[in-house]
Amino acid sequence: MRSATGYLLDLSDLPDEPPARFGQDLVRHGATLRKRGSFLVVLATPGDWQGAWADATGDVTVRLESPSARRLVEAELEAHGQGDRLIWLTDEKLSPIWEANPSAREACRLAGLIGSAKGREQLKEAVDRFGDWHITVEKLLNKRAAMDGSPSLLSTRVTVWAGALLDGGRRGSIVRASDDLLASLGQTRGPAEVLTDATSSRRLQAAEIEPVGDRAHHDRKCQGLPAAILRHLWDEFPTQHDLLTRWAVGVAANRSVPEDDARLASEALLRLAVRRHDRHVLDGLATGLIGPRRILAVEALTKAATDAELGRYVRDSLLNWAESNNAEKVESTAQIYSTVKAPERCNAAAQVAFWSRRRRSAPRGRRLQEDLFVLRQGGDKPFSGRPWRHPREPRPRTDLLPVGPRNVDQHRPKVK
């Protein structure tokens, strides 16, 4: 610990409830820092910062109200040189949003949607996308049979969901995935039941899924609709998450589903897990995609781990996997880093991967845990071009570090 130094600890996305003494230990650590003229600021959300373990921090906790969503959107637009769009914020289409006063994170997302619109005529689409196409999704899921031979309400719903999971996939894969979900729900899907059900064409038509050759898509004019449908499914049926996760991961793991279609499913699940901060879905990808299909989880998570928006959350999950006793999770984590090539051209995340492959003598779980901790702290920072040297490897010259001491101070908290 240094004197006259400020430290920042971001706990705004706690994966699990901390140990019972965590709050007490934080308070004691803060008192020790103050004696050195230093301080520690911990960032957390009200939803996470509660329970018996947090009670000890009551005297040092400062609760901040969420800022006005409209003021935050205004500030974001001005900061990005789009002050001319401030007049759009008076539009009545945005009134319900201002009344609801969404969180700061959601307000920033709304500002991004407004900022990316090509003109004011696209404001309605931006509002629909912000609301996750809620009205559109509800209409899709509550269509009644309009003619003889039409599918049942349940059959239509599962086709809508299967189409969202495999948007852009083959028609046959979508129908197979919907049948799998019906079977998971206890619906008999033997030859007689399948042949007396609505035809595949009627089922896709009822779900408003448009065939394009041998592929099929949800309405492509509604940008982001497939992902919104999956989020709606998880949000509206919270008691069925285990069943839904098993079904969706099972679609990606099913060897009868072509690999490029299975890849669509694994990527859709990754986006769902990160957007909802759902570690259960991520765990499902790690433990459910095994054998030849593990590569799908490896590809998706490798890409996401270094993504500017998704990276931090995914890297935290990888660290937890490396600490686990689950062989499938550890193996998936190891494969993610073994895919990295040409370390001299990679960023710090790739350098950690390269270094971990050199340390064969240490147990795999401990090796990954150490390397992933470094990655979590600064893995999305650019690599300087010098050879990576792990913190525990002897380094007689400080100029061989991948980043200078100043950058380390900025990006790697030194809370002990």
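Details of the structure are given in the entry above.
Presented here is a report on the structure given in the accompanying data block. (Residues numbered from 1 in each chain as written. Predicted model: local features only at pLDDT ≥ 70, side-chain atom pairs only at ≥ 80, totals over all residues. Heavy atoms only, no water.)

### Some words on unusual backbone geometry
Okay, so step 1: Residues other than glycine seldom take positive phi values, yet Ala-4 does so here, at roughly 50 degrees.
Okay, so step 2: For Ala-4, the location among the structural elements is in the segment before strand 1 (6-10). (Helix = DSSP H or I, 4+ residues; strand = E, 2+ residues; numbered from the N terminus.)

### Some points on the environment of Arg-63
Okay, so step 1: The residue Arg-63 is located in the loop between helix 2 (52-55) and helix 3 (69-79) in this model.
Okay, so step 2: Along the primary structure Arg-63 and Ala-44 are separated by 19 residues, whereas in three dimensions their C-alpha atoms are 9.8 Å apart.
Okay, so step 3: With sequence-adjacent residues up to four places away left out, Arg-63 is seen in contact with Pro-46 and Trp-49. (Contact = heavy atoms within 4.5 Å.)

### Overview of helix 17 (residues 311-323)
Helical geometry note: an α-helix holds 3.6 residues per turn, so side chains three or four residues apart project in the same direction.
Okay, so step 1: Taking 1.5 Å as the rise per residue, helix 17 with 13 residues should run 18 Å; its terminal C-alpha atoms sit 18 Å apart, in good agreement.
Okay, so step 2: With ten of 13 residues buried, helix 17 is to be regarded as a mostly interior element.
Okay, so step 3: The complete set of buried residues in helix 17 reads Gly-311, Tyr-313, Val-314, Arg-315, Asp-316, Ser-317, Leu-318, Leu-319, Trp-321 and Ala-322. (Expected span 1.5 Å × (residues − 1). Buried < 20%, exposed > 50% of the residue type's maximum accessible area, 1.4 Å probe, protein only.)

### So, the packing of helix 13 (residues 241-253) against helix 14 (residues 259-276)
Okay, so step 1: In the contact formed by helix 13 and helix 14, the axes pass within 7 Å of each other and the chain directions differ by 145 degrees. Contacts from His-241, Ala-248, Val-249, Val-251 and Ala-252 in helix 13 reach Ala-262, Ala-265, Ser-266, Leu-269 and Arg-276 in helix 14.
Okay, so step 2: In terms of residue class, the contact of helix 13 with helix 14 is built from seven nonpolar, two polar and one charged. (Axes fitted to C-alpha atoms, helices over the stretch in contact; angles between N-to-C directions. Nonpolar A, V, L, I, M, F, W, Y, C, P; charged D, E, K, R; others polar.)

### Some words on the pattern of salt bridges
Okay, so step 1: This structure, assessed with the given rule, holds 20 salt bridges.
Okay, so step 2: Glu-74 is the partner of Arg-70 in a salt bridge, and the nearest nitrogen-oxygen pair spans 3.6 Å. Of this pair, Arg-70 and Glu-74 both sit in helix 3, four residues apart, which is roughly one turn of the helix.
Okay, so step 3: Relative accessible area serves as the criterion here: at 30%, Arg-70 is assigned to the partly exposed category.
Okay, so step 4: For Glu-74, a relative accessible area of 27% puts it in the partly exposed group.
Okay, so step 5: Residue Arg-189 pairs with Asp-179 through a salt bridge whose shortest N-O separation is 2.9 Å. Residue Arg-189 is located in the loop between helix 9 (171-184) and helix 10 (191-196), and its partner Asp-179 is located in helix 9; the two are separated by ten residues in the primary sequence.
Okay, so step 6: Its relative accessible area of 21% is what places Arg-189 among the partly exposed residues.
Okay, so step 7: Taken together, the shared-partner salt bridges in this structure form one network comprising Arg-170, Arg-215, Asp-260 and Asp-261. (Salt bridge = Lys/Arg side-chain N within 4 Å of Asp/Glu carboxyl O.)

### Describing the packing of aromatic side chains
Okay, so step 1: Here the structure, examined in full by the defined rule, presents three aromatic pairs.
Okay, so step 2: Ring centres of Trp-161 and Phe-237 lie 5.9 Å apart, and the angle between their planes is 75 degrees; this geometry places the pair in the edge-to-face category. With a gap of 76 residues between them, Trp-161 in helix 8 (residues 153-165) and Phe-237 in the loop between helix 12 (225-236) and helix 13 connect regions that are remote in the sequence.
Okay, so step 3: Classification of Phe-237 as partly exposed rests on a relative accessible area of 30%.
Okay, so step 4: Ring pairing ties together the aromatic residues Phe-22, Trp-49 and Trp-53, which thus form one cluster. (Phe/Tyr/Trp six-rings, centres within 6.5 Å; stacked < 30°, edge-to-face > 60°.)

### Brief notes about a nonpolar patch on the surface
Okay, so step 1: A contiguous nonpolar patch, built from Leu-8, Phe-39, Val-41 and Leu-43 and spanning about 350 Å² of accessible area, is present on the exposed surface.
Okay, so step 2: The dominant element in the nonpolar patch, judged by the number of residues it contributes, is strand 2 (residues 39-43), at three residues.
Okay, so step 3: Take Val-41: it is sitting in strand 2.
Okay, so step 4: Val-41 gets classed as partly exposed once you look at its relative accessible area, which sits at 35%. (Patch = residues over 30% accessible without salt bridge, like charges linked within 9 Å, V, L, I, M, F, W, Y side chains within 5 Å. Areas by Shrake-Rupley, 256 points an atom, 1.4 Å probe, with all protein chains shown as cover.)

### Focus: helix 6 (residues 123-130)
Okay, so step 1: What helix 6 keeps buried is the set Leu-123, Ala-126, Val-127 and Phe-130. The arc enclosing the buried residues of helix 6, seen along the axis, measures out at 100 degrees, which places them on a common side.
Okay, so step 2: As for helix 6, its buried residues are in contact with helix 4 (95-100) and helix 5 (104-116).
Okay, so step 3: Within two residues after helix 6, Asp-132 carries a phi angle of roughly 55 degrees, on the positive side. (Arc of directions from axis to C-beta.)

### Focus on the environment of Ser-116
Okay, so step 1: Tracing the backbone shows Ser-116 in helix 5.
Okay, so step 2: Note on Ser-116: relative accessible area 48%, which makes it partly exposed.
Okay, so step 3: Sequence separation of Ser-116 and Ala-126 is ten residues, and the distance between their C-alpha atoms is 8.7 Å.

### Here we look at the side chain of Arg-293
Okay, so step 1: Looking at where Arg-293 falls in the secondary structure, it is placed in the loop between helix 15 (279-288) and helix 16 (294-305).
Okay, so step 2: Although Arg-293 is buried, it makes no salt bridge; Glu-259 carries the closest opposite charge, 4.5 Å away.
Okay, so step 3: Within the structure, the side chain of Arg-293 is placed 2.8 Å from the backbone oxygen of Ala-252, a separation counted as a polar contact.
Okay, so step 4: There is a polar contact of 2.9 Å between the side chain of Arg-293 and the backbone oxygen of Asn-254.
Okay, so step 5: With sequence-adjacent residues up to four places away left out, Arg-293 is seen in contact with Ala-252, Ala-253, Asn-254, Arg-255, Val-257, Pro-258, Glu-259 and Ala-262. (Lys, Arg positive; Asp, Glu negative; His and termini not counted. Polar contact = N/O pair within 3.5 Å; in protein donor to acceptor, adjacent residues only side chain to side chain.)

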